[in-house]
Amino acid sequence: IIDKKNFKYIILGGGVAAGYAAMEFTRQGLQPGELAIISKEAVAPYERPALSKSYLFPNEPARLPSFHVCAGSGGERLLPKWYEEKGIELILGTEIVKANLASKTLISASGKIYAYQILIIATGSTAVKLTDFGVQGADAKNICYLREISDADKLVETIKTKQKGKAVVIGAGYIGLEVGAAMTINEFDVSMVYPEPWCMAGLFTPAIASFYEGYYANKGVKIIKGTVAVGFEADSNGQVKTVKLKNGEVLQADIVVVGVGGSPVTALFKGQVEEEKGGIKTDGFFRTSVQEVYAVGDVATFPMKLYSDMRRVEHVDHARKSAQQAVKAIKASEDGKSIQEYDYLPFFYSRFFDLSWVFYGDNVGEPVLFQDIQDNSTTRPSSTKPKFGTYWIHNGKVVGAFLEGGTAEENKGIANIAWLQPEAKEDLLEKIGMLIAGLY
Ligand code: FAD
């Protein structure tokens, strides 16, 4: 007997995009039994960014069900019961190991077959592992990664068993910075190691980074830049004991957390669908090169209308919006209607310690730092209420904007600036950058 289930729509992946897509399906009209979400994870879609923030707090940590999708955008929190009530089948703890886009089927690790009419690929990213590069000893225990809730649970357990120990955080992107802060709050003795000359080098300017590095140093974090981990030593229990750096330094470690980037999960579809820039190529409706197959969230390389190029965006705001766009497009095409193409303004944010920053637009061209005109001490790491920003000027226009410590209104203001791209008057931006945000 072949174990086969048929659905009109299948969302493959049960992360952020899947949850927002399910919500949109119900808004647009969905019959019970039409939609299934298949996820490797054991829990219903949740707001992944919580895993490197409040999930790791020592006091009153966030736990499910508090951050199920759509809590992060102020929407209704979708509990497992909600899916049940809507007749959406949540197929959890189920890894798909084979996809056949020609026969419109997915096969799970246990051999179950799932057939669909329309597929939405929402498989997200996976954490890049040091073992992938053959780093010596990288398979030691207590070397942690952070992508899924099972990873976060493992990290929380390790934090408990190694209380007030030494933590080495490798990488200074979002995960590195957020986990570095969380480990410090957990009273670990934290060292951060990264090869770049400054943290979050893909986005931050040296001036922005120097503020955050100073802030972390004030919190007692030891920052070791311009080098990488080349090997780990374990104790007799196989638990990590030391981290050997390329610069010759050796660090003691009870926990190592690695945040060296993610890679989109596309392997199931290799050779079956067009790819671009490492992701699955889509149009402005998140349709792939294969009829009735859509790709959203981290895996999609889509037309970024605002900058006339193709991009892949690994951020939660895009995961939500691309999912909504794809479902609207699916529903419109069923009704013989059309919708507007996706027109996205990149939005990234992060929170650590008492800090909170946002970035909108594109970080190309010349950066111009601005600060509070009343109080220029707010760009100093020692400030009690830090507040400063940066505009990026490209071809005479403001194309990107960063703000630390902004109010909701100011954040909205700089988003508008990045969207409208006004002519740049550099000295003005520098002097009254924040007030300018208020004008938009
Ligand atoms: P995901 O949310 O990753 O979901 C993918 C899902 O697919 C997972 O459930 C996975 O198990 C499942 N899956 C994959 N392959 C299979 C398979 N073969 N079979 C079954 N299921 C499968 N972005 C921000 O903008 N701000 C932040 O502060 C921020 N913080 C973050 C913190 C952490 C710890 C992480 C990991 C990411 C963070 N991000 C942040 C990025 C953001 O979470 C992602 O961009 C977003 O989750 C992408 O959504 P997605 O639905 O495409 O993929």
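Here the residue numbering is sequential within each chain, running from 1 through the sequence in written order. Whole-chain, interface and lining totals are the exception, using all residues; otherwise, since this is a predicted model, local features are given only for residues with pLDDT of at least 70 and side-chain atom pairs are given and counted only at 80 or more. Each side-chain value is derived from all of the structure's non-hydrogen atoms; neither hydrogens nor water enter the calculation.

Undergrad: How should I be thinking about the overall build of the protein chain in this particular structure?
TA: Helical segments are the DSSP runs of H or I of at least four residues, strand segments are the runs of E of at least two, and each set is numbered from the N terminus. Across its full length, the protein chain carries 8 helices and 26 strands. In terms of overall size, the protein chain behaves like a compact globule, its C-alpha atoms giving a radius of gyration of 23 Å where 440 residues would be expected to give roughly 22 Å. Viewed in the frame of its principal axes, the protein chain has a C-alpha envelope of about 65 × 65 × 40 Å. Two residues form a contact once any of their heavy atoms are found within 4.5 Å. Long-range pairs, those at least 24 residues apart, make up 63% of the contacts in the protein chain between residues at least 6 apart in sequence. Every accessible area reported is derived by Shrake-Rupley at a probe size of 1.4 Å, with residue values counting cover from the shown protein chains alone. Of the roughly 19,500 Å² of accessible surface on the protein chain, 49% is carried by carbon and sulfur atoms. Positive charge is attributed to Lys and Arg, negative charge to Asp and Glu, and no charge count is given to His or to the chain ends. The location of each charge is read from NZ of Lys, CZ of Arg, CG of Asp or CD of Glu. Across the protein chain, the 48 positively charged side chains and the 51 negatively charged ones have centroids separated by 2 Å. Our radius of gyration looks at C-alpha atoms and nothing else; its globule reference is 2.2 Å times the residue count to the power 0.38.

Undergrad: Hey, could you run me through the domain arrangement of the protein chain in this one?
TA: With domains assigned, the protein chain is organised as domain 1 (4-124 + 265-334), domain 2 (130-261) and domain 3 (354-439). Of note, the centres of domain 2 and domain 3, computed from C-alpha atoms alone, are 30 Å apart. Each partner contributes to the interface: domain 2 provides 14 residues, whereas domain 3 provides 18 residues. Salt bridges are counted wherever a side-chain nitrogen of Lys or Arg sits within 4 Å of a carboxyl oxygen of Asp or Glu. One can count 0 salt bridges joining domain 2 with domain 3. Here a polar contact means two N or O atoms within 3.5 Å. Within protein one must be a hydrogen donor candidate and the other an acceptor candidate, and residues neighboring in sequence count only if both atoms are side-chain atoms. Across the domain 2-domain 3 interface, the total number found is 2 residue pairs in polar contact (both at pLDDT 80 or more). Per-element tally for the side of domain 2 that touches domain 3: the top contributor is helix α5 (residues 206-218), with 8 residues. Within the side of domain 2 that touches domain 3, the residues separate by chemical class into 9 nonpolar, 5 polar and no charged. For the domains described, the bounds stem from an automatic or database domain assignment. Each residue gets one of three labels, nonpolar for Ala, Val, Leu, Ile, Met, Phe, Trp, Tyr, Cys and Pro, charged for Asp, Glu, Lys and Arg, and polar for the others, Gly among them.

Undergrad: I keep staring at unusual backbone geometry and nothing clicks. Help me out?
TA: Among all residues except glycine, the phi angle is most often negative; among peptide bonds, the trans geometry is most common. Cis geometry marks the peptide bond from leucine 64 to proline 65; its omega dihedral reads 15°. With respect to the helices and strands, proline 65 occurs in the loop between β2 (35-38) and α2 (80-86). Valine 69 connects to cysteine 70 through a cis peptide bond whose omega is 10°. Structurally, cysteine 70 is set in the loop between β2 and α2. Notably, asparagine 142 is not glycine yet its phi reads approximately 70°, a positive angle. Located in the positive-phi region is glutamate 187, a residue other than glycine, with phi close to 65°. Within the secondary structure layout, glutamate 187 lies in the loop between α4 (174-185) and β10 (189-194).

Undergrad: Please clarify how the environment of alanine 127 should be interpreted in this entry.
TA: By secondary structure assignment, the location of alanine 127 is in strand β7 (residues 125-127). Taking the C-alpha atoms as reference, alanine 127 lies 7.4 Å from glycine 259; in sequence the two are 132 residues apart. Excluding residues that lie within four positions of it along the chain, alanine 127 makes contacts with Tyr145, Arg147, Gly261 and Gly262.

Undergrad: Sorry, what's going on with the site of the ligand here?
TA: We call a residue near a molecule or strand as soon as one heavy atom of that residue lies within 4 Å of the molecule or strand. Looking at the ligand, there are 34 residues lining it, with Glu41, Lys53, Arg147, Glu148 and Asp298 nearest. In this structure, an oxygen atom belonging to the ligand sits 2.7 Å away from a side-chain N or O atom of aspartate 298. In the model, an oxygen atom of the ligand is placed 3.5 Å from a nitrogen or oxygen of the glutamate 314 main chain. Protein chains bury 97% of the 1,000 Å² of accessible surface belonging to the ligand in isolation. Breaking the shell around the ligand down by element, the ones donating at least two residues are α1 (16-28), α4 and α6 (316-334). Taken together, the residues of the shell around the ligand break down into 14 nonpolar, 10 polar and 10 charged. Each of domain 1 (4-124 + 265-334) and domain 2 (130-261) gives at least three residues to the shell around the ligand.

Undergrad: Any chance you could explain the environment of alanine 167 here in plain terms?
TA: The topology assignment puts alanine 167 in strand β9 (residues 166-170). C-alpha of alanine 167 to C-alpha of valine 190: the two residues are 23 residues apart in sequence and 4.8 Å apart in space. Aside from chain neighbours lying at most four places away, what touches alanine 167 is Met183, Phe188, Asp189, Val190, Ser191 and Ile255.

Undergrad: Please clarify how the sheet that holds strand β20 (residues 300-304) should be interpreted in this entry.
TA: Through backbone hydrogen bonds, the strands of a sheet pair up, either in parallel or in antiparallel fashion. Here, strands pair whenever DSSP counts at least two bridges between them. Pairing in this open sheet of 4 strands is mixed, and the strands run β17-β18-β20-β21 from one edge to the other. This sheet does not close on itself; its edge strands, each paired only once, are β17 (275-276) and β21 (309-312). Pairing analysis gives 4 bridges linking β20 to β21, with the strands arranged antiparallel. If you follow phenylalanine 302 over to β21, its bridge partner there is arginine 311.

Undergrad: Got a minute to help me understand a negative patch on the surface in this structure?
TA: Only residues whose relative accessible area exceeds 30% and that form no salt bridge are eligible for patches; like-charged ones are grouped when within 9 Å, while nonpolar side chains (Val, Leu, Ile, Met, Phe, Trp, Tyr) are grouped when within 5 Å. On the surface, Glu366, Glu426, Asp427 and Glu430 cluster together to form a negatively charged patch. Looking at the negative patch element by element, the count peaks at 3 residues for helix α8 (residues 426-439). With respect to the element layout, glutamate 430 can be found in helix α8. Exposure is judged per residue with a 1.4 Å probe applied to protein chains only, and the accessible area is read against the type maximum: over 50% gives exposed, under 20% gives buried, and values in between give partly exposed. By relative accessible area, glutamate 430 is classed as partly exposed at 46%.

Undergrad: Just checking my understanding: could you explain the packing of aromatic side chains for this structure?
TA: Two aromatic rings, taken as a pair, are described by how far apart their centres are and by the angle between their planes. Classification of ring pairs uses Phe, Tyr and Trp, with its six-membered ring standing for Trp, and accepts pairs whose centres are within 6.5 Å; under 30 degrees between planes counts as stacked, over 60 as edge-to-face, and the remaining range as tilted. For the structure shown, the criterion picks out 29 aromatic pairs. Plain terms: the ring middles of tyrosine 55 and phenylalanine 67 are 5.8 Å apart, the flat faces sit at 80° to each other, and that makes the pair edge-to-face. You can see tyrosine 55 sitting in the loop between β2 and α2 and its partner phenylalanine 67 sitting in the loop between β2 and α2, a full 12 residues away along the chain. Of the residues examined, tyrosine 55 reaches a relative accessible area of 4% and is grouped as buried. The buried category is assigned to phenylalanine 67, whose relative accessible area is 6%. Centre to centre, the rings of tyrosine 215 and phenylalanine 353 are 5.8 Å apart; their planes meet at 45°, and the pair counts as tilted. You can see tyrosine 215 sitting in helix α5 and its partner phenylalanine 353 sitting in the loop between β22 (347-352) and β23 (355-361), a full 138 residues away along the chain. The same class applies to tyrosine 215 as to phenylalanine 353, namely buried. Aromatic ring contacts, followed pair by pair, group Tyr174, Phe204, Phe211, Tyr212, Tyr215, Tyr216, Phe352, Phe353, Trp357, Phe388 and Phe402 into a single cluster. Definition used: whenever NZ (Lys) or CZ (Arg) falls within 6 Å of the ring centre and also within 35 degrees of the ring normal, the charge is taken to sit over that ring. The cationic tip of arginine 63 hangs over the ring face of tyrosine 55; the distance from NZ or CZ to the ring centre is 3.9 Å. Between the NZ or CZ atom of lysine 129 and the centre of the ring of tyrosine 145, over which it lies, the distance is 5.3 Å.

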